[in-house]
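Results of the structural survey
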Amino acid sequence: MAVSPESMPENFMDFRAPPPSPIASGRRSSVTNDEVLTEFLEHSLRVPDLILPDRIFPRHKTVETPPRIDFQSLSSGESDSVLKMLDSIARTGCFQLANFGIPGEFIRSVSATAAGIFQLPPEKKEAVSRSLERPYGFEEVHGDHQEAESEVSEDFVWCKDESLTVDMEGIWPTGYSNFSQKMETLSSDIEHVARNILQVLHENCPRKSMYGDDTMQRQDPIGPVCCLYKHGRSFQADQRSRSSGYDVMRMLIRGTDYSHALCFHLCDGSSEFHVYSKKGWVSFCPDKDALIVTVGDRTQVWSDGQYKYVFGWPVFEGEDEDSISMAFLCSLPSSSSSSSSKTSKEKTFSLGQQAILAIILTLVCHFFFYFYKEF
């Protein structure tokens, strides 16, 4: 039986098909649009070809040995010595120091005692290894595990910290007390030299940052730091190149761990001394019994970038025995800047203090005015 339109229910829903998808151009089909989209995605998602540098570090070049500056002449403010020092650190970031008042026999005695630290068994070194919570101790051994232990470079970070003394006396009870006493004496002597040099720098630097004094006077949580390095015996040419890469990377990381103003390198007997900076990589042959001084990051900030931060690294070649070098990282304010900073802090008020004082005075004035009107 046929159903007439009049007999259909009133609530019948009128169904309409959705409109067709629009096409960008009246002359193109959807297939053409798909091809354009595919071509766009292929070009936009293509990974570019990256060309990496052939070497990590810039090309190495040998430079003239930095001047050997007499410490006594420098401390007295002799103009010739001061100018030589400023010119040398501006060009290469380092200079050599002579006649600095620390006997060479004592330095060699400390180095010989320090060699005992690296003779401890690996399990004891692991107990006092550096970490985020422990800023001192042994660094991981770097090198091929198949190489002899004597051919591997190691390092140990020493500082004046009671926790380090307790930890080291636990693994080296017979030798650490003597070693620590010698290190404290040598560290005090180095601090005296650093204080005098920073004083000369502060008085003669032609350009200073407005935040320089605060940077130089910032206190370190663990005090002066000394990085002791054991340089392995002579490698073959390929082994020496690979070991040098490990040593340099470790040195670059170490430089960022400990902020400092100056670094003093005790590396008598080294055949070369390498200096790394953003300017490049240079090396020279250090003089015998000379103390090599390199510029730290705080000095770069304090001098407003005139003296660039560099990393120093001694190289020992042709040695039949392991060699020990020491690098003292010092961050001491000069006396003049320290005293002037203290004076300025005593005589000046911050903006916050001035605002509070102004509010208090205003309230007091209102109170007296009200009191005067009422009575």
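Anyway, here's the lowdown on the structure attached to this text. Just so it is clear, the structure is predicted and the values come from calculations on it, not from any experiment.

It is worth spelling out the overall build of the chain at this point. Looking only at helices and strands, the chain has 12 helices and 12 strands in total. Within the chain, contacts between residues at least 6 apart in sequence are counted, and of these 80% link residues at least 24 apart. If you sum the accessible surface of the chain, you get close to 23,100 Å²; carbon and sulfur atoms cover 56% of it.

With that out of the way, let us pick up the pairing of strand E8 (residues 272-277). The sheet contact formed by E8 and strand E11 (residues 311-315) spans 5 bridges and is antiparallel. Bridging from a neighbouring strand, Val-275 pairs with Gly-312 of E11. As paired elements, E8 and strand E9 (residues 280-284) share 5 bridges and run antiparallel to each other. Looking across to E9, one finds that Tyr-276 is bridged to Trp-281.

Before going further, it helps to spend a moment on the side chain of His-265. Structurally, the position occupied by His-265 is in strand E7 (residues 262-266). In this structure, His-265 is in contact with Phe-273, Ala-290, Leu-291, Ile-292, Thr-294, Gly-312, Met-326 and Ala-327, ignoring residues within four places of it in sequence.

Take the sheet that holds E7 next. The 8 strands are arranged E2-E3-E10-E7-E12-E6-E5-E4 in an open sheet whose pairing can be described as mixed. Taken across any chain shown, the strands that pair with only one partner, and hence form the sheet edges, are strand E2 (68-70) and strand E4 (137-138). Bridge analysis of strand E3 (residues 94-98) against strand E10 (residues 291-295) gives 4 bridges, and the strand direction is antiparallel. In the sheet register, Phe-95 faces E10, and the bridge partner there is Val-293. Set on the sheet, helix H6 (residues 162-171) makes contact with E4 and strand E5 (154-159); between it and E5 the angle comes to about 130°.

Evaluation of the coordinates by the stated rule reveals 7 aromatic pairs. Seen in terms of ring centroids, Trp-172 and Phe-179 are 6.3 Å apart; in terms of plane orientation they differ by 45°. Their pairing is tilted. Taking relative accessible area as the criterion, Trp-172 reaches 12% and is therefore assigned buried. For Phe-179, a relative accessible area of 0% puts it in the buried group. Taking the centre distance of 5.7 Å and the plane angle of 40° together, the rings of Phe-273 and Phe-284 count as tilted. Linking Phe-273 in strand E8 with Phe-284 in strand E9, this pair joins segments that are 11 residues apart in sequence. Every member of this aromatic cluster is reached through a ring pair, and the members are Trp-172, Tyr-176 and Phe-179.

Let us look at the pattern of salt bridges. Here the structure, examined in full by the defined rule, presents 13 salt bridges. One salt bridge in this structure joins Asp-322 and Lys-230, with 3.9 Å as the shortest N-O distance. Note that Asp-322 is positioned in the loop between E11 and strand E12 (323-330) and Lys-230 in strand E6 (residues 225-231), a separation of 92 residues in sequence. In this structure Asp-322 comes out as partly exposed when scored by relative accessible area, which is 30%. By relative accessible area, Lys-230 is classed as buried at 6%. Connected through shared salt-bridge partners, Glu-105, Arg-108, Asp-268, Lys-288 and Asp-289 make up one network.

So, on to the packing of helix H3 (residues 79-91) against helix H7 (residues 176-204). The geometry of H3 relative to H7 is characterised by a closest axis approach of 11 Å and an angle of 85° between their N-to-C directions. Accordingly, the angle class assigned to the pair H3 and H7 is roughly perpendicular. Residues Val-82, Met-85, Leu-86 and Ile-89 of H3 touch H7, and the partners they reach there are Ile-197, Val-200, Leu-201 and Asn-204. Of the residues in the contact of H3 with H7, the class split is 7 nonpolar, 1 polar and no charged.

Let us look at the state of the cysteines. Under the criterion given, the structure shown has 0 disulfides. Between Cys-226, a cysteine without a disulfide, and Cys-227, which holds the nearest cysteine sulfur, the sulfur-to-sulfur distance is 6.6 Å. Looking at Cys-226, the relative accessible area reads 0%, which means it is buried.

Looking now at the nonpolar core. Ranked by size, the top nonpolar core spans 68 residues in total, and within it Ile-197 and Phe-264 carry the most contacts. Apart from the residues within four sequence positions on either side, Ile-197 is in contact with Phe-71, Leu-74, Met-85, Phe-95, Leu-97, Leu-262 and Phe-264. Ranked by size, the runner-up nonpolar core spans 9 residues in total, among them Cys-94, Cys-267, Val-282 and Phe-316.

This next bit is on helix H4 (residues 104-114). Of the positions making up H4, those classed as buried are Ile-107, Val-110, Ser-111, Thr-113 and Ala-114. Angular distribution of buried residues about the axis of H4 spans 165°; they occupy a single face of the element. Exposed positions of H4 whose direction lies more than 90 degrees from the buried face are Glu-105 and Ala-112. Buried residues along H4 sit against H7, E6, E7 and E12.

The rules we used
Each residue is numbered by its place in its chain's sequence as written, counting from 1. Side-chain atom pairs in this predicted model are given and counted only at pLDDT of 80 or more, local residue features only at pLDDT of at least 70, and totals for whole chains, interfaces and linings cover all residues. Here the side-chain values reflect all heavy atoms present in the structure, with hydrogen atoms and water set aside. To qualify as a helix, a DSSP run of H or I must reach at least 4 residues; to qualify as a strand, a run of E must reach at least 2; elements of each kind are numbered from the N terminus. Note on contacts: a residue pair qualifies if any of its non-hydrogen atoms lie within 4.5 Å across the two residues. In short, Shrake-Rupley with a 1.4 Å probe defines the accessible areas, and a residue's cover is counted only from the protein chains shown. In this description, strands pair whenever DSSP reports at least two bridges between them. Angles run from 0 to 180 degrees between N-to-C directions of axes, and those axes are lines fitted to C-alpha atoms, restricted for helices to the stretch in contact. Two rings from Phe, Tyr or Trp (for Trp, the six-membered ring) form a pair when their centres sit within 6.5 Å of each other. Planes less than 30 degrees apart are called stacked, planes more than 60 degrees apart edge-to-face, and all others tilted. Each residue is placed in one exposure class: buried if its accessible area under a 1.4 Å probe, protein chains only, is under 20% of its type's maximum, exposed if it is over 50%, and partly exposed if it falls in between. Only one rule defines a salt bridge in this text: a Lys or Arg side-chain nitrogen within 4 Å of an Asp or Glu carboxyl oxygen. Any angle from 65 to 115 degrees is called roughly perpendicular, while one under 35 is roughly parallel, one over 145 is roughly antiparallel, and all others are oblique. Just so you know the grouping, Ala, Val, Leu, Ile, Met, Phe, Trp, Tyr, Cys and Pro go in nonpolar, Asp, Glu, Lys and Arg go in charged, and all remaining residues, Gly too, go in polar. Any two cysteine sulfur atoms lying within 2.5 Å of each other are counted as a disulfide. Here, the term nonpolar core denotes a set of buried Ala, Val, Leu, Ile, Met, Phe, Trp, Tyr and Cys residues that are joined through side-chain atoms within 4.5 Å. As used here, the arc belongs to the directions running from the helix axis to the C-beta atoms.

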